[in-house]
Amino acid sequence: MADNDDVKTLSFEAALAQLEEIVGKLESGKAPLAESIAIYERGEALKAHCEGLLKAAEARIEKITLSRDGNPTGTEPLDA
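Residues numbered from 1 in each chain as written. Predicted model: local features only at pLDDT ≥ 70, side-chain atom pairs only at ≥ 80, totals over all residues. Heavy atoms only, no water.

Trainee: Any chance you could explain the overall build of the protein chain here in plain terms?
Mentor: If you tally the helices and strands in the protein chain, you get two helices and two strands. In terms of overall size, the protein chain is more extended than a compact globule, its C-alpha atoms giving a radius of gyration of 19 Å where 80 residues would be expected to give roughly 12 Å. Considering only contacts within the protein chain whose residues lie at least 6 apart along the sequence, 49% involve residues at least 24 apart. When the accessible surface of the protein chain is totalled, it reaches about 6,100 Å², and 57% of it is carbon and sulfur. Computing the positive centroid from 9 side-chain charges and the negative centroid from 16, the protein chain places the two 2 Å apart. (Helix = DSSP H or I, 4+ residues; strand = E, 2+ residues; numbered from the N terminus. Rg over C-alpha atoms; globule rule 2.2 N^0.38 Å. Contact = heavy atoms within 4.5 Å. Areas by Shrake-Rupley, 256 points an atom, 1.4 Å probe, with all protein chains shown as cover. Lys, Arg positive; Asp, Glu negative; His and termini not counted. Charge placed at Lys NZ, Arg CZ, Asp CG, Glu CD.)

Printed below as a string of structure tokens:
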């Protein structure tokens, strides 16, 4: 199994860019088997990292609540 500890330090955008590159390599079918396995494992780690970052961002997003006359009254969780 490849060492993918550095994935945890990547920004969402950097991780997504690497994941897109890996998908392209795997879809091309030109990578040797050993390399395909290694980059697939890295892709799995990148995917999990991106999902974690998205969930954390989603938890921080709040919906603005409005009164009947349309004035802001506060916030509540997005999925309340």
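Trainee: Could you clarify how one ought to interpret the pairing of strand β2 (residues 72-77) in this entry?
Mentor: Consecutive side chains along a regular strand alternate between the two faces of the sheet. Counting buried positions along β2 gives zero out of six residues, so the element sits mostly on the surface. Pairing geometry for strand β1 (residues 62-66) and β2, over five bridges, is antiparallel. Its bridge partner being in β2, Glu62 is matched across the sheet by Pro77. Where β1 folds back onto β2 in an antiparallel hairpin, the turn is made up of five residues, including Gly70, whose phi is positive at roughly 90 degrees. (Buried < 20%, exposed > 50% of the residue type's maximum accessible area, 1.4 Å probe, protein only. Pairing = 2+ DSSP bridges.)

Trainee: Can you help me understand the pattern of salt bridges in this one?
Mentor: One side chain can pair with another of opposite charge once the charged atoms of both are near each other. For the structure shown, the criterion picks out three salt bridges. The salt bridge partner of Glu51 is Lys47, with a shortest N-O separation of 3.2 Å. Taken together, the residues Glu51 and Lys47, both in helix α2 (residues 33-60) and four residues apart, mark about one turn of the helix. Residue Glu51 is classed as partly exposed on the basis of its relative accessible area of 39%. (Salt bridge = Lys/Arg side-chain N within 4 Å of Asp/Glu carboxyl O.)

Trainee: In this structure, what is going on with the side chain of Arg42? I would like to understand it.
Mentor: Examined against the element boundaries, Arg42 turns out to sit in helix α2. Here Arg42 falls in the buried class, since its relative accessible area comes to 17%. Setting aside residues no more than four positions away along its own chain, Arg42 makes contact with Asn4, Asp6, Val7, Leu10, Gln18 and Ile22.

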